[in-house]
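Coordinate inspection notes
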Amino acid sequence: MKKAAIAAGVLTAMCVAALTVDYAVMRRWTPLSDARIAALQERAQRDAALAPVLAAEQNRIAEFNRARRKRVNWLSLALIGAAAGFLSASKRVLAAEPEPVRKPERAVAQPAQSLVLKTAPAAPEFDISFVDRLVAQEGRTTDAAIPILHAIQAHYRYLPDEALLRVCELTEITPAQIAGTSSFYKRFRQSPVGDHIVRVCHGTACHVAGARQITDELRRRLAIPEGGDTDPTRAFTIEEVACLGCCSLAPVMMVDEHTAGKLTPATACDALAVKPGERT
Ligand code: FES
């Protein structure tokens, strides 16, 4: 189709060029032939012997004009056909061009209104020296266990084993004390958290409005394993939380700092830009 478009384009250009040349030639030739006929007519009035010459010249010019009109008509028809062919072929070539592939963004969109997701703070590179500085600041006694665990959770966004072992090495805090404290407080995480925290409200209003189905569908689409809360790519962590305080929008979820309400399982997945079949 590309070749056809090129051929039609070349033919169009040739027709335009031929018509332009013809027009330029005729602009110069017509006044000259008119002047020649006028001169012959003037001479034929004085000399009757020139009448056949005048008639022959007029016939020659008339024949030339007829041939020219025929040629111009054919060129015009060819030009129209070639231009139409060129436009049609070009349109097909452009339609056949593949569209540039857009990289899907992991933006979160709220079904009712645009929900722009701020990028979650990236987890800092694991740096054990943070624990050393923390212990120096909080102290080495068992009383420092909770402040140290809070600080580690805030820094790494979970409690890495390496950090906890280092705490035990540097302080009087025992592994048993750390295990007891970290399992008692719900905010301490034992595993890495996703880039985005999705809090699905399971308060009474949201529960009645279908929070369970929303959570189950999100977990299914994100391929979150049984007993886990974070998808394998660590993009999202799903949490079930108590009333978020906007029950009139039930069912509700929060994605980092953004709230989305009146959700269905499908719109909740749309809000995370998770397509059916993706990740499953
Ligand atoms: S119960 Fe879900 S926001 Fe109140």
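Criteria and cut-off values
- Residues numbered from 1 in each chain as written.
- Predicted model: local features only at pLDDT ≥ 70, side-chain atom pairs only at ≥ 80, totals over all residues.
- Heavy atoms only, no water.
- Phe/Tyr/Trp six-rings, centres within 6.5 Å; stacked < 30°, edge-to-face > 60°.
- Helix = DSSP H or I, 4+ residues; strand = E, 2+ residues; numbered from the N terminus.
- Buried < 20%, exposed > 50% of the residue type's maximum accessible area, 1.4 Å probe, protein only.
- Polar contact = N/O pair within 3.5 Å; in protein donor to acceptor, adjacent residues only side chain to side chain.
- Pairing = 2+ DSSP bridges.
- Axes fitted to C-alpha atoms, helices over the stretch in contact; angles between N-to-C directions.

**What about the packing of aromatic side chains?**
- One pass over the structure, following the stated rule, counts 3 aromatic pairs.
- Considering the side-chain rings of Phe130 and Tyr156, the 5.8 Å spacing of their centres and the 85° angle between planes classify their relative orientation as edge-to-face. With Phe130 in helix 3 (residues 129-138) and Tyr156 in helix 4 (residues 145-156), this residue pair connects regions lying 26 residues apart in the sequence.
- An angle of 85° between the planes, with centres 5.9 Å apart, marks the rings of Tyr185 and Phe188 as edge-to-face.
- In textbook terms, an aromatic cluster arises when at least three aromatic residues are bridged by ring pairs, as seen for Phe184, Tyr185 and Phe188.

**Concerning unusual backbone geometry**
- Note the cis peptide between Ala250 and Pro251, where omega equals -5°.
- Within the secondary structure, Pro251 is located in the loop between strand 2 (236-241) and strand 3 (253-255).
- The phi dihedral of Arg157 falls on the positive side, at around 70°, and the residue is not glycine.
- Positionally, Arg157 belongs in the loop between helix 4 and helix 5 (161-170).
- Look at Arg157 and you get buried, because its relative accessible area is 17%.
- One non-glycine residue, Arg234, adopts positive backbone phi at about 55°.

**Remarks on the side chain of His196**
- Summarising the element assignment, His196 is placed in strand 1 (residues 196-201).
- Note on His196: relative accessible area 6%, which makes it buried.
- In terms of polar contacts, His196 uses its side chain to reach the side chain of Asp256, at 2.7 Å.

**Let's talk about the sheet that holds strand 3**
- Taking strand neighbours across the sheet as the criterion, the 4 strands line up as 2-1-3-4 in an open arrangement whose pairing is mixed. Two strands close off the open sheet at either side, each with one partner strand: strand 2 and strand 4 (258-260). Across this sheet, the average inter-strand angle for adjacent strands is 25°, counted without regard to direction.
- Note: strand 1 against strand 2, 6 bridges, orientation parallel. Across the sheet, Val200 pairs through a bridge with Glu240, a residue of strand 2.

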